Amino acid sequence: MYSLGWRVFRDEFSRCVPAERRRRSVVVGVLVAIASAVVLVGVGLVTPWPDLGSAAGLVGVVMLALAVGVLGAALVPLRPTGPDGARLYWSGAMTQARDGVEQYFRRGGAPTIDPADRDDVLRDAAVIRAGMVPEVYRGLLLLVVVVLGTVAVVLLEVPARIVLWVALIAVVRTVTNVIRLGRVERARALAELLPDAPPRAASTSVRPGRPGTRSGSKLGLPGEDG
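The structure reproduced in this document is the subject of the present report. (Residues numbered from 1 in each chain as written. Predicted model: local features only at pLDDT ≥ 70, side-chain atom pairs only at ≥ 80, totals over all residues. Heavy atoms only, no water.)

### Things to note about the pattern of salt bridges
(1) Moving on: Tallying each qualifying case throughout the model produces twelve salt bridges.
(2) Moving on: The partner of arginine 7 in a salt bridge is aspartate 11, and the shortest N-O contact between them spans 3.8 Å. Taken together, the positions of arginine 7 and aspartate 11, both in helix 1 (residues 2-16) and four residues apart, correspond to about one turn of that helix.
(3) Moving on: Here arginine 123 and aspartate 120 are joined by a salt bridge, their closest N and O atoms 2.3 Å apart. Here aspartate 120 and arginine 123 lie together in helix 5 (residues 118-156), a separation of three residues that amounts to about one turn. (Salt bridge = Lys/Arg side-chain N within 4 Å of Asp/Glu carboxyl O. Helix = DSSP H or I, 4+ residues; strand = E, 2+ residues; numbered from the N terminus.)

Set out below in structure tokens:
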């Protein structure tokens, strides 16, 4: 499931995350990194920390500024777009399908999809995919933050406990989202193999009495058979 989900992420990334939002994310990240570096250097000039007189301290400042910049890029709203090109707003519907469809996206073996649910599976799978691809991208950025932050805290000799917590959360969340993408794609592919679902017949009420008789009550008249 992980490899399938990763393939979906790579194939759908450019469509699900608008190019304009990606460019804005990069610009924000660069500006935040520069601002962070300026602040760290300013602090180092008036206080003993960070130590700007050593190579390790300078590299640590650069790594920490880059980590903050990537974090700023990850916080930029990506405004994912759905299959029809409309903007998606964050809600539970972006990660969870309706009750009748969610059963096909759960863990386990390949699901047997009811032909009557084919269209619902295809529709919900497309929405979930469009909503989760940006989340995987944001999780990858957080992993970069963790790597840069780990190097920084080691070089700058500061407590690294918070970095370890962020690393654990980022890894678990990203892997979980990629696996979820794989399960959704598996169900979508199986549903796509099914023929179009026939239209559901409208329910009709059966009228009492013999076939061909008019509905409603009828009063018996004298001389008529009952």
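### Re the nonpolar core
(1) Moving on: Grouped together as the largest cluster of nonpolar side chains are 33 residues, with contacts concentrated most on Phe9, Tyr104, Phe105, Val121 and Leu181.
(2) Moving on: Every element with two or more residues in this core is listed here: helix 1, helix 3 (55-74), helix 5 and helix 6 (161-193).
(3) Moving on: When sequence neighbours within four positions are dropped, the list of residues in contact with valine 121 reads Val101, Tyr104, Phe105, Ile113, Ala187, Arg188 and Ala191. (Core = buried A, V, L, I, M, F, W, Y, C linked by side-chain atoms within 4.5 Å. Buried < 20%, exposed > 50% of the residue type's maximum accessible area, 1.4 Å probe, protein only. Contact = heavy atoms within 4.5 Å.)

### Quick look at the packing of aromatic side chains
(1) Moving on: Enumeration according to the criterion identifies three aromatic pairs in this entry.
(2) Moving on: Note on phenylalanine 9 and phenylalanine 13: the rings are 5.6 Å apart at their centroids and 50 degrees apart in plane angle, and the pair reads as tilted. Of this pair, phenylalanine 9 and phenylalanine 13 both sit in helix 1, separated by four residues, roughly a single helical turn. Both residues of the pair, phenylalanine 9 and phenylalanine 13, belong to the buried class.
(3) Moving on: Members of the aromatic cluster, joined through ring pairs, are Trp6, Phe9, Phe13 and Tyr137. (Phe/Tyr/Trp six-rings, centres within 6.5 Å; stacked < 30°, edge-to-face > 60°.)

### So, a nonpolar patch on the surface
(1) Moving on: The grouping of Val26, Val30, Ile34 and Val38 at the surface amounts to a nonpolar patch, some 360 Å² of accessible area in total.
(2) Moving on: Among the structural elements, isoleucine 34 can be located in helix 2 (residues 19-46). (Patch = residues over 30% accessible without salt bridge, like charges linked within 9 Å, V, L, I, M, F, W, Y side chains within 5 Å. Areas by Shrake-Rupley, 256 points an atom, 1.4 Å probe, with all protein chains shown as cover.)

### Considering the environment of leucine 52
(1) Moving on: Mapped onto the elements of the fold, leucine 52 is located in the loop between helix 2 and helix 3.
(2) Moving on: Relative accessible area serves as the criterion here: at 22%, leucine 52 is assigned to the partly exposed category.
(3) Moving on: When the C-alpha positions of leucine 52 and leucine 40 are compared, they lie 9.5 Å apart, and in sequence the two are twelve residues distant.
(4) Moving on: The residues touching leucine 52, leaving out its near neighbours within four places in the chain, are Val41, Gly44, Leu45, Leu58 and Val61.

### With respect to the packing of helix 1 against helix 5
(1) Moving on: Closest axis-to-axis distance for the helix 1/helix 5 pair is 9 Å, and the angle between their directions is 100 degrees. Taken as axis vectors, helix 1 and helix 5 run roughly perpendicular relative to one another. When helix 1 is examined against helix 5, the residues Trp6, Val8, Phe9, Glu12, Phe13, Arg15 and Cys16 are found in contact with a partner set consisting of Arg129, Ala130, Val133, Pro134, Val136, Tyr137 and Leu140.
(2) Moving on: Looking at the contact of helix 1 with helix 5 residue by residue, the class counts come to eleven nonpolar, no polar and three charged. (Axes fitted to C-alpha atoms, helices over the stretch in contact; angles between N-to-C directions. Parallel < 35°, antiparallel > 145°, perpendicular 65-115°, else oblique. Nonpolar A, V, L, I, M, F, W, Y, C, P; charged D, E, K, R; others polar.)

### Observations concerning helix 2
(1) Moving on: With 28 residues, helix 2 should reach 40 Å at 1.5 Å per residue; the first-to-last C-alpha distance of 41 Å fits that figure.
(2) Moving on: Residues Arg21, Ser25, Gly29, Ala33, Ser36, Leu40 and Gly44 constitute the buried set of helix 2.
(3) Moving on: On its buried side, helix 2 packs onto helix 3 and helix 5. (Expected span 1.5 Å × (residues − 1).)

### Topic: unusual backbone geometry
(1) Moving on: With omega at -5 degrees, the peptide bond leading from tryptophan 49 into proline 50 counts as cis.
(2) Moving on: By the element assignment, proline 50 lies in the loop between helix 2 and helix 3.

### Quick notes on the packing of helix 5 against helix 6
(1) Moving on: As a packed pair, helix 5 and helix 6 sit with axes 8 Å apart at the nearest point and diverge in direction by 155 degrees. As summarised for this structure, helix 5 and helix 6 are arranged roughly antiparallel, according to the angle between their axes. For helix 5 against helix 6, the interelement crossing comes out left-handed.
(2) Moving on: Looking at the contact of helix 5 with helix 6 residue by residue, the class counts come to 22 nonpolar, five polar and eight charged. (Left-handed = near helix turned anticlockwise from the far one by under 90°.)

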